[in-house]
Structures are given as structure tokens and as C-alpha cells.
Amino acid sequence: DTPRGTDAEEPPAPPVRFLSFGTVEPRKNQAEAMRAFARLRARRRDLDMRFDLVGNIHGAVAAAAEEIAAREPRIRLHGYLPDDEVRALLQ
């Protein structure tokens, strides 16, 4: 029953990164993941978060994906990227 000790100066939270690569399409539900990310960002502005989507965008979700990304600057639609740039995002 001893309370856990905590430091008075908590270190900053590490950045939170989400990455999706491959075609953005309806069956993968990335548009809903983008909406969920935007809702989380609205509630937790204090968190350093980013959501990168790499790949072509299927026409069925293109308008939705672009509209969500336009409203939430921490969501980035990259389109096609060379392998070295994808590796950099993974790191």
C-alpha cells in the first residue's frame, strides 16, 4: 500500500507516429483510421503525433482522405515514395 514515487519533472512524452503504407483503399479502412486520429488529436493537442500514409489513393476514398488530411495537418498523404524514404519513415 505504498504510493508509487514519481519525479517532479516528468520527461516529455515521446513522439507518437503512425504509418500506413500501401494503396489507401476502402477495404483497408484507412479513412476511418484517419478520422480516429483526427478525433484523438482534437482531444489531446498536448501529444506530439503524426500519421503518415504512403501509397496511391483509390478513387473511392480519395475525396474523403484528402478532406480529412486538409483539416488535420498532422496527417500527411505522401503518395508513392522511394524505398529509402519509406525506410526513413519507419525509423
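Residues numbered from 1 in each chain as written. Predicted model: local features only at pLDDT ≥ 70, side-chain atom pairs only at ≥ 80, totals over all residues. Heavy atoms only, no water.

(A) Representation of the pairing of strand S2 (residues 49-54). With six of six residues buried, S2 lies mostly within the body of the structure. Along S2, one buried face is formed by Met 49, Phe 51 and Leu 53 and the opposite face, lined by Arg 50, Asp 52 and Val 54, is buried too. Pairing between strand S1 (residues 16-21) and S2: six bridges, direction parallel. Residue pairing across strands places Phe 18 opposite Phe 51, the latter belonging to S2. The parallel pair S1 and S2, bridged by helix H1 (residues 30-43), forms a crossover whose chirality is right-handed. With respect to chirality, the unit in which S2 leads through helix H2 (residues 59-71) into the neighbouring parallel strand S3 (residues 75-79) is right-handed. (Buried < 20%, exposed > 50% of the residue type's maximum accessible area, 1.4 Å probe, protein only. Helix = DSSP H or I, 4+ residues; strand = E, 2+ residues; numbered from the N terminus. Pairing = 2+ DSSP bridges. Right-handed = clockwise from strand over helix to strand, strands pointing away.)

(B) Structural context of unusual backbone geometry. Of note, Asn 29 is a non-glycine position whose phi angle comes to about 65°, a positive value. Examined against the element boundaries, Asn 29 turns out to sit in the loop between S1 and H1.

(C) Expanded view of the pattern of salt bridges. Tallied over the entire structure, the rule returns eleven salt bridges. A salt bridge links Asp 48 to Arg 74; the nearest nitrogen and oxygen atoms lie 3.1 Å apart. On the criterion of sequence distance, the pair formed by Asp 48 in the loop between H1 and S2 and Arg 74 in the loop between H2 and S3 is long-range, its members being 26 residues apart. Given a relative accessible area of 28%, Arg 74 falls into the partly exposed group. (Salt bridge = Lys/Arg side-chain N within 4 Å of Asp/Glu carboxyl O.)

(D) Region of the structure containing the nonpolar core. Listed in full, the twelve residues of the largest apolar core are Val 24, Met 34, Phe 37, Leu 47, Met 49, Phe 51, Leu 53, Val 61, Ala 65, Ile 68, Ala 69 and Ile 75. Elements with a minimum of two residues in this core: H1, S2 and H2. Every residue in contact with Leu 53, bar those within four places of it in the chain, is listed here: Ser 20, Val 24, Gln 30, Met 34, Ile 75, Arg 76, Leu 77, His 78 and Gly 79. (Core = buried A, V, L, I, M, F, W, Y, C linked by side-chain atoms within 4.5 Å. Contact = heavy atoms within 4.5 Å.)

(E) Molecular detail of the side chain of Arg 41. For Arg 41, the location among the structural elements is in helix H1. When residues no more than four places from it in sequence are discounted, the contact partners of Arg 41 are Leu 47, Met 49, Glu 72 and Arg 74.

(F) Molecular detail of H2. The terminal C-alpha atoms of H2 lie 19 Å apart, and with 13 residues this matches the ideal 18 Å at 1.5 Å per residue to within 8%. Along H2, the positions that sit buried rather than exposed are Val 61, Ala 62, Ala 65, Ile 68 and Ala 69. Along the axis of H2, the buried positions cluster into a sector of 150°, meaning they face one direction only. Across H2 from its buried face, at more than 90 degrees, point the exposed residues Ala 63, Ala 70 and Arg 71. If you follow the buried residues of H2, they end up packed against H1 and S3. (Expected span 1.5 Å × (residues − 1). Arc of directions from axis to C-beta.)

Read these as layout, nothing more, since geometry by itself doesn't imply function.
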